[in-house]
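Chain by chain, the residues run as shown.
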Amino acid sequence: MRITTPRWAPGTGATRAVALEVLIHGPLSRSEVARRLDLSPGSLTRLSTPLLDMGVLVDAGEQIDGKVGRPVQLLDIVPGSKRFIGMKLTADTVLGVTTDLRGNVLASQSRALPGRQPERVADTIAELATALSAGTPEVTAIGVGIGGLVDEHGFVRSAPFLEWSDVPLGQLIEARAGIPAIVANDLAAYTEYEHWFGAGSGLDRFAVVTLGAGIGFGLLIHDEIVTNDEYGIGLIGHWPLDPFGPVCSEGHRGCAKAVLTDTAISLAVSQAIGRPTSYAEALDLAMAEEPAARRVVDDAGRSLGRLLAAIANLTLPERVVIGGEGVRLAEVAAEAIAEGVRSHRDARTRPIPLTIRSGENIEWCRGAAVVAIQAFVLGSRDED
Ligand SMILES: [Zn+2]
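Residues numbered from 1 in each chain as written. Predicted model: local features only at pLDDT ≥ 70, side-chain atom pairs only at ≥ 80, totals over all residues. Heavy atoms only, no water.

**Describing the overall build of the chain**
Line of reasoning, step 1. A count of helical and extended segments in the chain gives 13 helices and 16 strands.
Line of reasoning, step 2. Taken against the 2.2 N^0.38 rule, which gives 21 Å for 384 residues, the C-alpha radius of gyration of the chain at 22 Å falls within 12% of a compact globule.
Line of reasoning, step 3. Here the C-alpha coordinates of the chain stretch approximately 70 × 55 × 35 Å along the principal axes.
Line of reasoning, step 4. Counting over 384 residues, the chain shows a buried share of 51%.
Line of reasoning, step 5. The contacts of the chain with a sequence gap of at least 6 include a subset with a gap of at least 24, amounting to 60%.
Line of reasoning, step 6. When the accessible area of the chain is evaluated, it comes to approximately 17,700 Å², of which 52% is carbon and sulfur surface.
Line of reasoning, step 7. If the 35 positive side-chain charges of the chain are averaged to one point and the 47 negative ones to another, these points end up 3 Å apart. (Helix = DSSP H or I, 4+ residues; strand = E, 2+ residues; numbered from the N terminus. Rg over C-alpha atoms; globule rule 2.2 N^0.38 Å. Buried < 20%, exposed > 50% of the residue type's maximum accessible area, 1.4 Å probe, protein only. Contact = heavy atoms within 4.5 Å. Areas by Shrake-Rupley, 256 points an atom, 1.4 Å probe, with all protein chains shown as cover. Lys, Arg positive; Asp, Glu negative; His and termini not counted. Charge placed at Lys NZ, Arg CZ, Asp CG, Glu CD.)

Take a look at the structure:
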């Protein structure tokens, strides 16, 4: 038996649209909410009054409006009125955060996994959830991000890094934690954070690229993440980038996995300098202008530039967010990346606006929390 996620008070329809606009973009003046949703002042009053009565919206003080030169009343939600947990599952650790209703991180903790058996992993997730819940208001839902194929029922179809197939993870967590659990592909969750509360908020089209043990790609178009039941395979991983690059496990020469992952870069630098180096050290050597390391890292940078150019040429994003634990490549190889972009874009194009994230694991957890927040705020799709 699954536990039903509680629903946000505004329910459905136009009232929810008002609450949602203020949640995602607030605090906002009444006139700004009306303009954004194309409502008359009278309609907005009719829709916002019950929300104010329910306490979903609050008057959040005044702000001087530059255009009219007088104070305007702001509407806001109360972010601290709800608590959510977001977790990221790696091969040996589970990291977790508590957040408010806007995905702001309030606390974080992690636990080592005792093994990869699904029941033991679910035990550890439930323990971590208990620890994170201690002393906080009641937690509304847990979101768990996992690198793999996940269906809408929290069923993990495959997660190669844990050697899992067909694991009912959402159900296993709920049976132990007693809190609704939403399991999602980690990259989709990360993209949803940027969509609602991050660099993509308010944009019509944006893309996310993550660097690290794998290469991730998320795309949002017209307020919707582009996804299907194959999304969690990590399809960008075998995108061809360097015709002279090394070969991946599937036999592709110079695909994203073969040239851009942290393993690919550390391996190439290790071979070039004749001793084993970690990813961090490979980037340090490039920064110190060690010639062989610099050449490998710049090759990877040009490949990343080529990938960004392809994304920009095919999907016309207004912004591209680069994150993931390997994101330091974007800084160390910045010039090579720019060169890779330029050589694969029309000369008349504008530079691609980029946001480079810190790459901390907490960003993945925050994404997972946002998936739980969305389940609370939007409900499941079949309810609409
Ligand atoms: Zn490949």
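**Here's the deal with the coordination of the zinc ion**
Line of reasoning, step 1. Binding of the zinc ion to the protein goes through His238 (ND1), Cys248 (SG), His252 (ND1) and Cys255 (SG), at separations of 1.9 to 2.3 Å.
Line of reasoning, step 2. Each of the four donor atoms around the zinc ion contributes to a set of angles spanning 87 to 132°, which defines the coordination as tetrahedral.
Line of reasoning, step 3. Counting residues between consecutive donors of the zinc ion along the chain gives the motif H-x9-C-x3-H-x2-C.
Line of reasoning, step 4. For His252, a relative accessible area of 31% corresponds to the partly exposed category. (Donors = N, O, S within 2.8 Å, 3.2 Å for Na, K, Ca; no water. Tetrahedral: all angles 85-135°; square planar, octahedral: opposite > 155°, others 65-115°.)

**A look at the environment of Gln63**
Line of reasoning, step 1. Assignment of secondary structure puts Gln63 in strand β2 (residues 58-65).
Line of reasoning, step 2. Classification of Gln63 as partly exposed rests on a relative accessible area of 46%.
Line of reasoning, step 3. For Gln63, the contacting residues outside a window of four places in its chain are Arg70, Pro71, Val72 and Leu74.

**Digging into the sheet that holds strand β10 (residues 164-167)**
Line of reasoning, step 1. Spatial ordering of the open sheet is given by β8-β9-β10, a layout of three strands whose pairing is antiparallel. Each having just a single partner strand, β8 (149-150) and β10 make up the two edges of the open sheet. (Pairing = 2+ DSSP bridges.)

**With respect to the sheet that holds strand β12 (residues 205-210)**
Line of reasoning, step 1. Reading across the sheet, the five strands line up as β14-β13-β12-β15-β16 and stay open at both edges, with mixed pairing between neighbours. In this open sheet, the two edge strands, each paired with only one partner strand, are β14 (224-225) and β16 (354-356).
Line of reasoning, step 2. The sheet contacts of helix α6 (residues 186-196) involve β12, β13 (216-221), β14 and β15 (319-323), and relative to β12 the element is tilted by about 135°.
Line of reasoning, step 3. Sheet strands in contact with helix α10 (residues 291-315) are β12, β13, β15 and β16, and its direction is about 155° off that of β12. (Axes fitted to C-alpha atoms, helices over the stretch in contact; angles between N-to-C directions.)

**Section: the packing of helix α1 (residues 13-25) against helix α3 (residues 41-54)**
Line of reasoning, step 1. Taken N-terminus to C-terminus, the directions of α1 and α3 make an angle of 75°; their axes are 9 Å apart at the nearest point. Considering their axes alone, α1 and α3 lie roughly perpendicular with respect to each other. For the pair formed by α1 and α3, the contact residues are Ala14, Thr15, Val18 and Ala19 on the first element and Leu44, Leu47 and Leu51 on the second. (Parallel < 35°, antiparallel > 145°, perpendicular 65-115°, else oblique.)

**Observations concerning the pairing of strand β11 (residues 181-185)**
Line of reasoning, step 1. Judged by how many residues are buried, β11 sits mostly within the fold: five of five residues are covered.
Line of reasoning, step 2. In the sheet, strand β7 (residues 139-146) pairs with β11 via five bridges, with the strands oriented parallel. Looking at the pairing, Val144 lines up with Val183 of β11.

**Comments concerning the side chain of Asp186**
Line of reasoning, step 1. With respect to the helices and strands, the residue Asp186 is situated in helix α6.
Line of reasoning, step 2. Separated by 2.7 Å, the side chains of Asp186 and Lys88 make a polar contact.
Line of reasoning, step 3. Those residues within four positions of Asp186 in sequence are excluded, and the remaining contacts are Lys88, Gly145, Ile146, Gly147 and Trp364. (Polar contact = N/O pair within 3.5 Å; in protein donor to acceptor, adjacent residues only side chain to side chain.)

**Quick look at the environment of Ala134**
Line of reasoning, step 1. Checked against the element boundaries, Ala134 lands in the loop between α4 (118-133) and β7.
Line of reasoning, step 2. In this structure Ala134 comes out as exposed when scored by relative accessible area, which is 57%.
Line of reasoning, step 3. Ala134 sits 91 residues away from Ser43 along the chain, and the two C-alpha atoms are 42 Å apart.

**A word on the nonpolar core**
Line of reasoning, step 1. Core analysis: the biggest nonpolar cluster contains 40 residues, and Leu260, Leu304, Leu307, Leu308 and Leu329 have the highest contact counts within it.
Line of reasoning, step 2. Contributing elements (two or more residues each) for this core: β12, α7 (256-259), α8 (262-273), α9 (279-287), α10, β15, α11 (328-332) and α12 (334-342).
Line of reasoning, step 3. By residue number, the principal contributor to this core is α10, which donates nine residues.
Line of reasoning, step 4. In this view, Leu307 contacts Val209, Ile215, Ile236, Trp239, Leu241 and Leu260; residues no more than four positions away in its chain are not counted.
Line of reasoning, step 5. The next biggest cluster of nonpolar side chains, apart from the first, holds 33 residues, and it includes Leu20, Val22, Leu57 and Val371. (Core = buried A, V, L, I, M, F, W, Y, C linked by side-chain atoms within 4.5 Å.)

**Side note on α1**
Line of reasoning, step 1. Here α1 contains 13 residues, and its C-alpha end-to-end distance of 18 Å stays within 8% of the 18 Å for a straight helix at 1.5 Å per residue.
Line of reasoning, step 2. Along α1, the residues that are buried comprise Thr15, Arg16, Val18, Ala19, Leu20, Glu21, Val22, Leu23 and Ile24. (Expected span 1.5 Å × (residues − 1).)

**Topic: unusual backbone geometry**
Trans is the common state for peptide bonds, and a negative phi is the common state for residues other than glycine.
Line of reasoning, step 1. The amide bond that connects Gly26 to the next residue, Pro27, takes the cis arrangement and shows omega of 0°.
Line of reasoning, step 2. Relative to the elements of secondary structure, Pro27 occurs in the loop between α1 and β1 (28-29).
Line of reasoning, step 3. Of note, Asp166 is a non-glycine position whose phi angle comes to about 50°, a positive value.
Line of reasoning, step 4. Note on placement: Asp166 falls in strand β10.
Line of reasoning, step 5. One non-glycine residue with positive phi stands out, namely His222, at about 50°.
Line of reasoning, step 6. Residue classification places His222 among the exposed positions, given a relative accessible area of 53%.

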